[in-house]
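Residue-level structural notes
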Amino acid sequence: MSDVIAERIPLGKTSSYVSDYQPDLLFVIPRQLHRDGIGVFPPMLPFKGSDVWNAFEISWLNVKGKPVVALGEFVFPCESPVLVESKSFKLYLNSFNNTKFQSFDEVTAILQRDLSRAVQENVAVKLSSVSSVTGLQIQSFTGHCLDELDVICDTYTLNPHFLLTENSIVTETLYSDLLKSNCLVTSQPDWGSVQIDYTGKKIQHEGLLKYIISFRNHNEFHEQCVERIFVDIMQHCAPQELTVHARYTRRGGLDINPYRSTREREIFTNDRLGRQ
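This write-up is about the structure you can find in this document. (Residues numbered from 1 in each chain as written. Predicted model: local features only at pLDDT ≥ 70, side-chain atom pairs only at ≥ 80, totals over all residues. Heavy atoms only, no water.)

**Some thoughts on the overall build of the protein**
In terms of regular secondary structure, the protein is built from six helices and 10 strands. Relative to the compact-globule value of 19 Å for 276 residues, the protein shows a C-alpha radius of gyration of 19 Å, a close match. Overall size of the protein, expressed as C-alpha extent along the three principal axes, is 65 × 45 × 35 Å. Burial status across the protein gives 50% buried among its 276 residues. A fraction of 74% describes how many contacts in the protein between residues 6 or more apart in sequence connect residues 24 or more apart. As displayed, the protein has an accessible area near 13300 Å², and 50% of this comes from carbon and sulfur atoms. (Helix = DSSP H or I, 4+ residues; strand = E, 2+ residues; numbered from the N terminus. Rg over C-alpha atoms; globule rule 2.2 N^0.38 Å. Buried < 20%, exposed > 50% of the residue type's maximum accessible area, 1.4 Å probe, protein only. Contact = heavy atoms within 4.5 Å. Areas by Shrake-Rupley, 256 points an atom, 1.4 Å probe, with all protein chains shown as cover.)

**Quick word on unusual backbone geometry**
Comment: phi is negative for the bulk of residues other than glycine, and the bulk of peptide bonds are trans. Note the cis peptide between P42 and P43, where omega equals 5°. With respect to the helices, strands and loops of the structure, P43 is situated in the loop between α2 (32–38) and β2 (48–61). Here S187, not a glycine, exhibits a phi torsion of approximately 65°, which is positive. Unusually for a residue other than glycine, A238 sits at a positive phi of about 50°.

**A few points about the packing of aromatic side chains**
Under the counting rule described, the total for this entry stands at 13 aromatic pairs. Ring geometry for Y92 and F96: centres 5.2 Å apart, planes at 90°, overall edge-to-face. The pair formed by Y92 and F96 is uniform in burial state, with each residue classed as buried. Every member of this aromatic cluster is reached through a ring pair, and the members are Y21, W53, F74, F76, F89, Y92, F96 and F101. The side chain of R250 reaches across the aromatic face of F56, ending 3.6 Å from its centre. Its guanidinium or amino end placed over the ring of F47, R260 lies 5.7 Å from that ring's centre, counting from NZ or CZ. (Phe/Tyr/Trp six-rings, centres within 6.5 Å; stacked < 30°, edge-to-face > 60°. Lys NZ or Arg CZ within 6 Å of the ring centre and 35° of its normal.)

**Quick word on the environment of Q224**
Relative to the helices and strands, Q224 resides in helix α6 (residues 222–237). With 40 residues separating them along the chain, Q224 and E264 place their C-alpha atoms 21 Å apart. With residues up to four places along the chain from it excluded, the contact list for Q224 reads H34 and L184. Separated by 3.0 Å, the side chain of Q224 and the backbone nitrogen of F221 make a polar contact. (Polar contact = N/O pair within 3.5 Å; in protein donor to acceptor, adjacent residues only side chain to side chain.)

**Topic: the environment of H34**
Following the sequence through the fold, H34 ends up in helix α2. Relative accessible area serves as the criterion here: at 8%, H34 is assigned to the buried category. When the C-alpha positions of H34 and I233 are compared, they lie 17 Å apart, and in sequence the two are 199 residues distant. Beyond its immediate stretch of four places on either side in the chain, H34 contacts E220, Q224, E227 and R228.

**What about helix α4 (residues 104–119)?**
Over its 16 residues, α4 runs 22 Å from end to end, which matches the ideal 22 Å to within 8%, given 1.5 Å per residue. Every buried residue of α4 is accounted for by V107, T108, I110, L111, D114, L115, S116, A118 and V119. In this structure, the buried residues of α4 make contact with β1 (28–30), β2, β3 (67–77), β4 (82–84), α3 (86–94) and β5 (124–128). The first or second residue beyond α4 is Q120, which carries a positive phi of 65°. (Expected span 1.5 Å × (residues − 1).)

**Side note on the pattern of salt bridges**
Per the counting criterion, the structure on display carries 10 salt bridges. Of the charged contacts in the structure, one is a salt bridge between E220 and R228, with a shortest N-O distance of 2.9 Å. Like E220, the residue R228 is buried in the burial classification. Taken together, the shared-partner salt bridges connect R31, R35, D51, E227 and R260 into one network. (Salt bridge = Lys/Arg side-chain N within 4 Å of Asp/Glu carboxyl O.)

**So, α6**
Between its first and last C-alpha, α6 extends 22 Å over 16 residues, near the 22 Å set by a 1.5 Å rise per residue. Burial runs high along α6: 13 of the 16 residues are buried. The positive-phi residue at the C-terminal boundary of α6 is A238, with phi of around 50°.

**Considering the nonpolar core**
Ranked by internal contacts, the top residues of the largest apolar core, which has 31 residues, are I196, L208 and I233. Looking at this core, the elements with two or more residues in it are β7 (165–182), β8 (189–203), α5 (205–213), α6 and β9 (241–248). The greatest single-element share of this core, amounting to seven residues, is contributed by α6. The contact partners of I196, leaving out residues within four places of it in the chain, are E172, T173, L174, L208, I212, I229, I233, L242, T243 and V244. L25, A55, A118 and V123 belong to the second largest nonpolar core, which has 29 residues in total. (Core = buried A, V, L, I, M, F, W, Y, C linked by side-chain atoms within 4.5 Å.)

**Side note on the environment of V125**
By the secondary structure assignment, V125 is in strand β5. The contacts of V125, once residues within four sequence positions are left out, are E73, F74, T108, L111, Q112 and L115.

Right, dumping it as structure tokens:
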């Protein structure tokens, strides 16, 4: 991260919470600062996908001054040149708290306009009332869970050389709940689950699990970790098709769920996992 961005980024600094609408609170970080290091250069991205954010602390005032609360889903395309820094997003959402708006539709339109302008791509926004989302079920990733493997683990710094293949060609879905990395700025732990769906030479399961565990002390943002996993698997295992989907636990009322795939059309579903 550049010194200029590190100096200006609100993450890791004491902040005043503004409760009147203020769109300029949004702070963005160029995606390319990370992508250079993994060999990804626009416009020919090796993946498609998005970053799906779920927000659980959204509120504003109706025209009579009565508080309204809502849940939000925000879909940021991975093609956007920048990503929104999470603390600035929280501060921005809090700036709605004491501002009056006519309706859910008005707030949705404002969020969609501000976020799309900030990241320079169209951001999909969905707001829901709390009562409308009752009955949602907690899901788990589908596929074969790697976490029951009885492996010796002694490497907790990133090591893609654990990624090995066997000769057979398979189509399989694997997942692990043991993903942990650290925030690039604060070094606070980020906890997540990752699902890997691929077609190609069979990836050695023990090596893949050790690779996932090797992120344990690695410092990168959620989106960057998922793109690194995607690129590392493509480089070391060369699958014909690959999808990497991670779901991270909530912080500050937000969870972030990046999805990267070779598929032209996304098959992403925003199903909440047990820790979310």
